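Take a look at the letters that make up each chain.
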Amino acid sequence: MAGRVELDHVSFRYPEPRPLSGAPVQDRFGDSGVRIEHDGTGVGDGWALRDVCLTVEPGQLAALVGPSGSGKTTLTYLVPRFHEVTEGAVRIDGVDVRDLTASSLADAVGMVTQEPYLFHGTIRDNIAYAKPGATAEEIEQAARGANIHDRIMSFPDGYETITGERGYRLSGGEKQRLAIARVLLKNPPVLILDEATSALDSETERLVQEALERATRDRTTIAIAHRLSTIRAADVIYGMSGGRVVERGTHTELLAAGGLYARLHAEQVGRLGDPGGSEEPRSPLRV
Ligand SMILES: Nc1ncnc2c1ncn2[C@@H]1O[C@H](COP(=O)(O)OP(=O)(O)OP(=O)(O)O)[C@@H](O)[C@H]1O
Ligand SMILES: [Mg+2]
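## A closer look at the packing of helix α4 (residues 136-145) against helix α6 (residues 172-186)
Their axes nearest at 8 Å, the elements α4 and α6 cross at an angle of 125 degrees. In terms of their interaxial angle, α4 and α6 are classed as oblique. As α4 packs across α6, the resulting crossing turns out to be right-handed. The segment α4 lies against α6, with Glu-138, Ile-139, Ala-142, Ala-143 and Gly-145 engaging Ala-181, Leu-184 and Leu-185. The residue inventory of the contact of α4 with α6, partitioned by class, reads six nonpolar, one polar and one charged.

Here's what the structure looks like:
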């Protein structure tokens, strides 16, 4: 699988909330007042995504930026089919995701979210979950690639350390690296990355960043990007607002265009007190 991802005139609306009792909730033309709130720039008519076209070529990194509620998470969830399009189609290598089996879709798409799910079990099993039957060597190699091996080895029980709800509580940065280890082990052609917004100490930040570089290399990546370094490394940036893609280009192109991205960038850089924007902020770019 090459990993070409395509959203073709995709629109999506979340199912209407169920009424507690009585008459069904009316649609947007009714008087029920049911509205899905947008970021203020959208039409606010209940569509979380409207007519989104997006193509990411194999191995490319696409960054999604846009205000809260603009549809970034919703968009990424359509790729592994956590949600299904209302209109249009999502394709991987030209195949509609609705025509893929659940297992081939799971093999094709890896996820690194802000709060990776860890089940109660050993760290080894939590990594191996991505590839049942993986050898100890493969697991360790993935952990090394994700910059988490040394940390795991510093625990008295190493890979046998129990984690999850009632076990050893991994830190945010450790959890993220564990999620990256899963991706390296599974080696899917497509990666969805929801970059953490929480600030990490600079050493952890470096370890996470380096691990992410390995995970995104030679892999189609759609990143909800908050770090300037990720956004700058992107082959293409999609600016989202009110469920629509409102601009598309590289960091340099979009800064020059003076639109949404340029505004978000200026706000962020201004807040960080670095008007030149030349240095990587210590905290992630919250756009
Ligand atoms: N489960 C849901 N049910 C109904 N509406 C939802 C649901 N999840 C999100 N929405 C709505 O869909 C729109 C897009 O939300 P989404 O979470 O995709 O935005 P986002 O760009 O990821 O925002 P953020 O930067 O805050 O994570 C918003 O109007 C939001 O309220
Ligand atoms: Mg989101």
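## What to know about the environment of Ala-257
With respect to the helices and strands, Ala-257 occurs in helix α9 (residues 251-257). Separated by ten residues in the primary sequence, Ala-257 and Glu-247 have C-alpha atoms spaced 9.2 Å apart. Contact partners of Ala-257, with chain neighbours within four places excluded, come to Glu-247, Gly-249 and Ala-262.

## Digging into the nonpolar core
Membership of the largest hydrophobic core comes to 67 residues, with the highest contact counts inside it found for Ala-63, Leu-64, Ile-127, Ile-180 and Ala-181. For this core, the element with the most residues is α6, which contributes seven residues.

## Some thoughts on the sheet that holds strand β11 (residues 236-241)
The six strands lie next to each other as β6-β9-β10-β3-β11-β12, forming an open sheet whose pairing is mixed. Of all the strands in the sheet, the pair left with one neighbour each is β6 (109-112) and β12 (244-249). Between one strand and the next, the sheet's axes are offset by a mean angle of 20 degrees, whatever the strand orientation. Inspection of the sheet shows strand β3 (residues 61-65) paired to β11 by four bridges, in the parallel sense. When the bridges of β11 are listed, Ala-63 appears paired with Ile-237. Of the strands in this sheet, β6 and β9 (190-194) touch α6, which is tilted by about 170 degrees from β6.

## What about α6?
Taking 1.5 Å per residue as the helical rise, α6 with its 15 residues ought to reach 21 Å, and the 21 Å between its terminal C-alpha atoms agrees with that figure. Counting buried positions along α6 yields 13 of 15 residues, so the element is predominantly enclosed. The first or second residue beyond α6 is Asn-187, which carries a positive phi of 55 degrees.

What counts, and where the lines are drawn
Along each chain, numbering runs from 1 in the same order as the chain's sequence is written. Chains and ligands are labelled sequentially in the order written, the chains with letters from A and the ligands with numbers from 1. The model is predicted, so local features are restricted to residues of pLDDT at least 70 and side-chain atom pairs to those at 80 or more, both for listing and for counting; the totals for chains, interfaces and linings are taken over all residues. Throughout, an axis means a line fitted to C-alpha atoms (over the contacting stretch in the case of helices), and angles, computed between N-to-C directions, take values from 0 to 180 degrees. Helix and strand assignments follow DSSP, with helices taken as H or I runs no shorter than four residues and strands as E runs no shorter than two, numbered in order from the N terminus. Orientation categories follow fixed angle ranges, with anything under 35 degrees roughly parallel, anything over 145 roughly antiparallel, 65 to 115 roughly perpendicular, and all other angles oblique. Crossing handedness is defined as follows: a turn of the near helix away from the far one that is anticlockwise and smaller than a right angle gives a left-handed crossing, while the clockwise case is right-handed. We call two residues in contact if the C-beta atoms placed from their backbones are at most 7 Å apart. Each residue gets one of three labels, nonpolar for Ala, Val, Leu, Ile, Met, Phe, Trp, Tyr, Cys and Pro, charged for Asp, Glu, Lys and Arg, and polar for the others, Gly among them. A set of buried Ala, Val, Leu, Ile, Met, Phe, Trp, Tyr and Cys residues, joined through C-beta atoms within 7 Å, is what we mean by a nonpolar core. Exposed residues have 12 or fewer other C-beta atoms within 10 Å of their own C-beta, buried residues have 20 or more, and partly exposed residues fall in between, where C-beta atoms are placed from the backbone. Any two strands between which DSSP finds at least two bridges are classified as paired. For a helix, the expected span equals 1.5 Å multiplied by the residue count minus one.

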